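Fold and geometry: a report
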Amino acid sequence: METCKIITENLLNEMLPKPTEEKHIANDFYTIWNFPNCLGAIDGKHITIQAPPNSGSLYFNYKKMFSIVLLALVDAKYNFIAVDVGAHGKNSDGGIFANSNLGRALQQDSLFVPGNAALPGTHTLVPHVIVGDEAFPLKTYLMRSYPGQGLDVSKRIFNYRLSRARRIIENAFGILSQKFRIYNRRIQAKPEHVDYIILTTCILHNFIRKFDNDANEYMYEGVSVNANGTLENLPMQGGNATKDAFRIRNLLKDYFNSEVGSVPWQEYIV
């Protein structure tokens, strides 16, 4: 624990600095993954821990295991931008995201998000957004896929383009669990110590990707690294979508289906 605390104290601000209004992340998501105005991909995982003494059902999650939650936002190159560690596993009612520091910062627009920007090649202004899976609510700052079966081609294309950008967070969790094998078994430590351990691995993940050239092998288009071991998906997160959120998703859908915003292989994929 001394080692984890020292790493956190000395490297946190360098390896996980507070997000700024720099637009290089959005540029990377567009040039690498063809998703404009994107500031990150978000997801959360339940991390299995040993049953804490005298904790009752506080850490007992919907999978009937004891866990704490890691909520993370990553950039287009699998680096963690922001992490939120320590939510109780019992918080499986959909409130994990809304009650997290990261969720509140996004809701209150305190993450230094750049203003609206035109979609490339157009005059259509849309806000900068993050992308998540179907567990997350649709917000003006958070895009998720169109739900349901039997969607028309235009919506399936949007879902494909969003999924292509969103899978970066799944790959980042997969890389994390492969590099730090502690995630492949139940972590046997007190919850407050587990928080430090998880935060330390996220810091070292960024450190390795910055200074180890071999880490760039994961940048290839065909990579598919799946999280396993003790990492479990979050349940559905609550939240109501607004008309503006639906409008922004439709604008992105129309852009992805336009001549200027499409990619050559998307119709074949869907």
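Attention here is on the structure that accompanies the text. If you're wondering where the values come from, they're calculated on a predicted model, not measured in any experiment.

1. Regarding helix α6 (residues 191-211)
- Between its terminal C-alpha atoms α6 stretches 30 Å, which fits the 30 Å expected from 21 residues at 1.5 Å a residue.
- All of the buried residues along α6 are Pro191, Val194, Ile197, Ile198, Leu199, Thr200, Thr201, Cys202, Ile203, His205, Asn206 and Arg209.

2. Brief notes about the packing of aromatic side chains
- Taken as a whole and assessed by the stated rule, the structure comprises 7 aromatic pairs.
- Relative to phenylalanine 173, the ring of phenylalanine 80 has its centre 6.4 Å away and its plane inclined at 50 degrees; by these criteria the two rings are tilted. Linking phenylalanine 80 in strand β3 (residues 80-88) with phenylalanine 173 in helix α5 (residues 153-179), this pair joins segments that are 93 residues apart in sequence. Just as phenylalanine 80 is buried, phenylalanine 173 falls in that class too.
- A ring pair is formed by tyrosine 146 and phenylalanine 158, whose centres lie 5.3 Å apart and whose planes are at 75 degrees; its orientation type is edge-to-face. In this pair, tyrosine 146 sits in the loop between β7 (142-143) and α5 while phenylalanine 158 sits in helix α5, placing the two residues 12 residues apart along the sequence.
- A relative accessible area of 0% means that phenylalanine 158 is categorised as buried.
- Taken together through their ring pairs, the aromatic side chains of Phe35, Tyr146, Phe158, Tyr255 and Phe256 make up a single cluster.

3. Points about the pairing of strand β2 (residues 67-74)
- The element β2 is largely enclosed, with a buried count of 8 among its 8 residues.
- By the alternation rule, side chains of β2 split into Ser67, Val69, Leu71 and Leu73 and Ile68, Leu70, Ala72 and Val74, which are all buried.
- Where strand β1 (residues 38-48) meets β2, 8 bridges bridge the pair, whose relative direction is antiparallel. Bridge assignment links aspartate 43 to a residue of β2, and that residue is alanine 72.

The rules behind the values
Residues numbered from 1 in each chain as written. Predicted model: local features only at pLDDT ≥ 70, side-chain atom pairs only at ≥ 80, totals over all residues. Heavy atoms only, no water. Helix = DSSP H or I, 4+ residues; strand = E, 2+ residues; numbered from the N terminus. Expected span 1.5 Å × (residues − 1). Buried < 20%, exposed > 50% of the residue type's maximum accessible area, 1.4 Å probe, protein only. Phe/Tyr/Trp six-rings, centres within 6.5 Å; stacked < 30°, edge-to-face > 60°. Pairing = 2+ DSSP bridges.

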